[in-house]
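This is what each chain is made of:
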Amino acid sequence: MNPLAAHYRRFRVAERLLLSAHSHQAWPDVALEGQVEAFEDAALEVDAKWDRAFAKADEVRTAFRGWLGDPSAELALGANTHELVIRLLSALDLRRRPRLVTTDGEFHTLRRQLGRLAEEGIEVVRVAASPVASLAARLAVEVDDRTCAVFVSKVLFETSRIVDGLGDLAERCAARGAELVVDAYHALGAVPFSMDGLGEAWIVGGGYKYLQFGEGNCFLRVPPHAADLRPVVTGWFAEFGAIADAQRPDAVAYAAGADRFAGATYDPTSHYRAARVAAFFAEQGLTAERLREISLRQTTRLAERFDALDLPPTVISRSSSSPREAFGGFLALRSPRAGEFCADLAERGVRTDSRGEYLRFGPAPYLADAQLDAAMAALGEVCRR
């Protein structure tokens, strides 16, 4: 048994083949302590609990700043990335620059929302995510004076491919007056994130996946140049510390920094849980570099075990033209029967998931090598059946 598994007894990670860690990792047992603390603070303070809750929110911000490598980042928090992206979009001048550029490999949150905006007359340009080596450059070509923003993931959610060259894309966006929005969700906790060249970029992400924070823990990094933006979609928490605009005394006032992108009343339990898990990661030495080392070793093992199955590529295959270092925290296998195989694996007690024609195997730092081998052996049985 992996020694780390002893800290995840409630999720029974040593007894189950949980290979969907890229979607929902198990929570360490101490996460429950955070949830209990949230209840106890509410019972003790009732409506006065918010000072304690806001302190937990600040702990979560500090944790995210560490994963971003940006200790002074202005971060707005939200229950999910969708609500944060909506607030961001509502702050941009889409009337004057009605053009958004993105890829065809973005998660459903953005795919659906931009698709709906396109129905209302916003021009949405979708650049093919493949080949990924040239993706950032091809996105840059599409940025013109009508482009309001560019949306791209650091790690693509279907294929696990890492997108490089975002610094050059950021330069192009700045030169054309467009915003760059980078989705870091599949990077944080799986691939060390660098802010080099991204100082003026918006970053969205969360702790639901690799960081084990659970639901309700997402963030939006607000770049320095956006300090005066006024999102149309705005919650009353954005009034805390609001500074009236002397030139527009009758206008709605906003707080400074990322607080102007704040929402409204929320369930703070998620922040209590996340703060406790962040402390656990620090206690266990689960740094970005250590987690990347574990992830690469595990995904490489899965890839090698898959190759040893010698399955027909017409049935299922993987991209082997690039080294594992070019991928994030899960192994993506391509198959026209990905959904079927996922369901068959679940019947055999192996938790994976599928996105379109990709079957995804996501290991986690608490799994043992024997569990990875057993999961891949089960795939061989399913495919040969």
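Up top is the structure.
Everything numeric in this text was worked out from a predicted model, so none of it was measured.

Peer 1: Even after reading the chapter, I still don't get the sheet that holds strand 7 (residues 202-206), so can you show me in this structure?
Peer 2: Sheet architecture is open: seven strands sit in the order 2-8-7-6-5-3-4, paired in mixed fashion. Two strands in the sheet have a free side with no partner beyond their single neighbour: strand 2 (74-78) and strand 4 (123-127). Neighbouring strand axes in the sheet, compared pairwise and without regard to direction, differ in orientation by 20° on average. Relative to strand 6 (residues 179-183), strand 5 (residues 147-153) runs parallel, the two sharing five bridges. Within the sheet, the bridge partner assigned to phenylalanine 151 lies in strand 6 and is valine 181. Most of the contacts of helix 4 (residues 108-119) go to strand 4, to which it runs at about 140°, and overall it touches strand 3 (99-103), strand 4 and strand 5.

Peer 1: Help me out: how do you make sense of empty space enclosed by the protein in this one?
Peer 2: Unfilled space is identified by rolling a water-sized probe across the atoms. Taken as a whole, this structure holds one cavity of 30 Å³ or more when the rule is applied. A volume near 100 Å³ is recorded for the largest cavity. Lining the largest cavity are Gln25, Gly189, Ala190, Tyr210, Leu291, Ile294, Ser295, Gln298, Gly329, Pro363, Ala364 and Pro365. By residue class, the composition of the lining of the largest cavity is seven nonpolar, five polar and no charged.

Peer 1: So what exactly am I meant to see when it comes to the side chain of serine 270 here?
Peer 2: Within the secondary structure, serine 270 is located in helix 7 (residues 269-284). Among the polar contacts made by the side chain of serine 270, one reaches the main-chain carbonyl oxygen of aspartate 267 at a distance of 3.5 Å. Filtering out sequence-adjacent residues up to four positions away, serine 270 remains in contact with Phe213, Glu215, Gly216 and Asn217.

Peer 1: I'm lost on the packing of helix 3 (residues 81-91) against helix 4 in this one. Help?
Peer 2: Contact geometry of helix 3 with helix 4 gives a least axis separation of 10 Å together with a crossing angle of 35°. Where helix 3 crosses over helix 4, the two elements pack in a sense that is right-handed. Contacts from Thr81, His82, Val85, Ile86 and Leu89 of helix 3 reach helix 4 at Thr109, Leu110, Gln113 and Leu117. Broken down by class, the residue content of the contact of helix 3 with helix 4 amounts to five nonpolar, four polar and no charged.

Peer 1: What exactly am I supposed to notice about the environment of glutamate 381 here?
Peer 2: Checked against the element boundaries, glutamate 381 lands in helix 10 (residues 369-384). With a relative accessible area of 44%, glutamate 381 lands in the partly exposed category. When the C-alpha positions of glutamate 381 and leucine 4 are compared, they lie 29 Å apart, and in sequence the two are 377 residues distant.

Peer 1: Would you take a moment to explain the packing of aromatic side chains for this structure?
Peer 2: For any pair of aromatic rings, geometry is given as the distance between the ring centres together with the angle between the planes. Scanning all chains against the criterion turns up 18 aromatic pairs. On the numbers, 6.2 Å between centres and 90° between planes, the contact of tryptophan 50 with phenylalanine 237 is edge-to-face. With tryptophan 50 in helix 2 (residues 50-68) and phenylalanine 237 in the loop between strand 8 (218-222) and helix 7, this residue pair connects regions lying 187 residues apart in the sequence. Residue classification places tryptophan 50 among the buried residues on the basis of a relative accessible area of 16%. Residue classification places phenylalanine 237 among the buried residues on the basis of a relative accessible area of 10%. Both rings, one in tryptophan 50 and one in tyrosine 266, keep their centres 5.4 Å apart while their planes meet at 70°; by these two values the pair is edge-to-face. With tryptophan 50 in helix 2 and tyrosine 266 in the loop between strand 8 and helix 7, this residue pair connects regions lying 216 residues apart in the sequence. Since its relative accessible area comes to 24%, tyrosine 266 is described here as partly exposed.

Peer 1: Is there a simple way to explain the pairing of strand 4 in this structure?
Peer 2: Looking along a regular strand, one sees side chains alternate from face to face of the sheet. Summarising the sheet, strand 3 and strand 4 pair through five bridges and their orientation is parallel. Bridging across to strand 4, threonine 102 finds its partner in arginine 126. You can see the chain leave strand 3, run along helix 4 and come back into strand 4, and the turn it takes is right-handed.

Peer 1: Mind showing me how you'd approach the packing of helix 1 (residues 30-45) against helix 7 here?
Peer 2: Helices that pack against each other are described as a pair by the angle of their axes relative to one another and the distance between those axes. Interaxial distance between helix 1 and helix 7 falls to 7 Å at its minimum, and their mutual angle equals 140°. As the angle between them shows, helix 1 and helix 7 are arranged oblique. The element helix 1 and its partner helix 7 pack so that their crossing is right-handed. Residues Val30, Ala31, Glu33, Gly34, Gln35, Glu37, Ala38 and Asp41 of helix 1 touch helix 7, and the partners they reach there are Thr269, Tyr272, Arg273, Arg276, Val277 and Phe280. Considered class by class, the residues forming the contact of helix 1 with helix 7 number six nonpolar, three polar and five charged.

Peer 1: What am I meant to see in the pairing of strand 13 (residues 358-361) here?
Peer 2: Residues of strand 13 alternate between two faces, with Tyr358 and Arg360 on one and Leu359 and Phe361 on the opposite face, all of them buried. Bridging between strand 10 (residues 331-334) and strand 13 involves four bridges; their strand directions are antiparallel. For leucine 333, the partnering residue across the bridge sits in strand 13 and is leucine 359. Two strands pair when backbone bridges link them, and strand 12 (residues 353-355) and strand 13 are joined in this way by three bridges, in the antiparallel orientation.

Peer 1: Would you mind going over the pattern of salt bridges with me for this structure?
Peer 2: Under the criterion given, the structure shown has 31 salt bridges. Arginine 301 serves as the salt-bridge partner of aspartate 369, at 3.5 Å between the closest nitrogen and oxygen. Placement of aspartate 369 in helix 10 and of arginine 301 in helix 8 (residues 288-309) is noted, with a sequence separation of 68 residues between them. Judged by its relative accessible area of 26%, aspartate 369 falls in the partly exposed class. Among the residues examined, arginine 301 registers a relative accessible area of 21% and is labelled partly exposed. Members of the salt-bridge network, linked through shared partners, are Arg99, Glu123, Glu142, Asp144 and Arg146.

Conventions and cut-offs
- Residues numbered from 1 in each chain as written.
- Predicted model: local features only at pLDDT ≥ 70, side-chain atom pairs only at ≥ 80, totals over all residues.
- Heavy atoms only, no water.
- Pairing = 2+ DSSP bridges.
- Helix = DSSP H or I, 4+ residues; strand = E, 2+ residues; numbered from the N terminus.
- Axes fitted to C-alpha atoms, helices over the stretch in contact; angles between N-to-C directions.
- Contact = heavy atoms within 4.5 Å.
- 1 Å grid on protein atoms, 1.4 Å probe; cavity = no way out; pocket = protein on both sides within 12 Å on 5 of 7 lines; lining within 4 Å.
- Points joined across faces, edges and corners; volume = space filled by probe spheres on them.
- Nonpolar A, V, L, I, M, F, W, Y, C, P; charged D, E, K, R; others polar.
- Polar contact = N/O pair within 3.5 Å; in protein donor to acceptor, adjacent residues only side chain to side chain.
- Left-handed = near helix turned anticlockwise from the far one by under 90°.
- Buried < 20%, exposed > 50% of the residue type's maximum accessible area, 1.4 Å probe, protein only.
- Phe/Tyr/Trp six-rings, centres within 6.5 Å; stacked < 30°, edge-to-face > 60°.
- Right-handed = clockwise from strand over helix to strand, strands pointing away.
- Parallel < 35°, antiparallel > 145°, perpendicular 65-115°, else oblique.
- Salt bridge = Lys/Arg side-chain N within 4 Å of Asp/Glu carboxyl O.

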